[in-house]
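Structural overview
Each chain is listed here by its residues.
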Amino acid sequence: MAFILLKPPSLDEEEGVQWAIRSLEYAFDAGAECCSIIPTRPGNGIMEQLQDEGVFQPPNVQSMERVLAAGLQMGRGRVFMDLWDGKQFCHCPKCGPARLHRLESMNKTQQRLPDVECSQPGCG
């Protein structure tokens, strides 16, 4: 089992996605049969401090979707997205619940599901 952080401090959104995908590849190359992706989140004091300093922002739900979909498409083992307190990663009230439901379903089925479309201006 491998645990992979999505968007640790000092990475922007795209870098966070790319490094998480590279970490999945590395874990599978090293023999992992199951990977759990953990979105880096505040809640322990130091992350809030890093947020205040502008060094950290939690990933958004779209990044979570991209990384889970990429891991499942690899077809090299089981891949799960940690969805604990997932609402904090959703910034669009229109599509956030549907995106979390999609992630939950992908965790359960281990299949990539169709993307969630959102017509909300500025979303996505």
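First, a word on what this report is: a plain description of the structure on this page.

Two measures define how a pair of helices packs: the angle their axes make with one another and the distance between the axes. One way to put it is that helix α3 (residues 61–74) packs onto helix α4 (residues 96–109) with a least axis distance of 10 Å and a crossing angle of 20°. The pairing of α3 with α4 is recorded here as roughly parallel in orientation. At the point where α3 passes α4, the crossing takes the left-handed sense. Mapping the contact onto sequence places V61, Q62, M64, E65, L68, A69 and L72 in α3 and R99, L100, R102, L103, M106 and N107 in α4.

Turning to the pattern of salt bridges, a few remarks are in order. Per the stated rule, a full pass over the model turns up nine salt bridges. Across the pair D115 and R102 runs a salt bridge, and its minimum N-O distance is 3.1 Å. Placement of D115 in the segment after α4 and of R102 in helix α4 is noted, with a sequence separation of 13 residues between them. By relative accessible area, which is 45% here, D115 ends up partly exposed. The closest approach of N and O atoms between R112 and D115, which form a salt bridge, is 3.1 Å. Overlapping salt bridges bring together E65, R99, R102, R112 and D115 as one network.

Conventions adopted
All residue numbers refer to positions counted from 1 along the written sequence of the respective chain. Residue-level local features of this predicted model are given only where pLDDT is at least 70; pairs of side-chain atoms are given and counted only at 80 or more, and the full residue set underlies all totals for whole chains, interfaces and linings. Side-chain metrics in this entry use all non-hydrogen atoms of the structure; hydrogen atoms and water are not considered. In this analysis an axis means a line fitted to C-alpha atoms, helices contributing only their contacting stretch, and an angle means the value between N-to-C directions, from 0 to 180 degrees. The numbering of helices and of strands both runs from the N terminus, where a helix is a DSSP run of H or I of at least 4 residues and a strand a run of E of at least 2. Note that the term roughly parallel is reserved for angles under 35 degrees, roughly antiparallel for angles over 145, roughly perpendicular for angles of 65 to 115, and oblique for everything else. Two helices cross in a left-handed way if the nearer one is turned anticlockwise from the farther one by less than a right angle. They cross in a right-handed way if the turn is clockwise. Residue contacts are defined here by distance: any two heavy atoms, one from each residue, within 4.5 Å place the two residues in contact. Each salt bridge in this description consists of a side-chain nitrogen of Lys or Arg and a carboxyl oxygen of Asp or Glu lying within 4 Å of one another. Accessible area is worked out with a 1.4 Å probe on protein chains only. A residue is then buried under 20% of its type maximum, exposed over 50%, and partly exposed in between.

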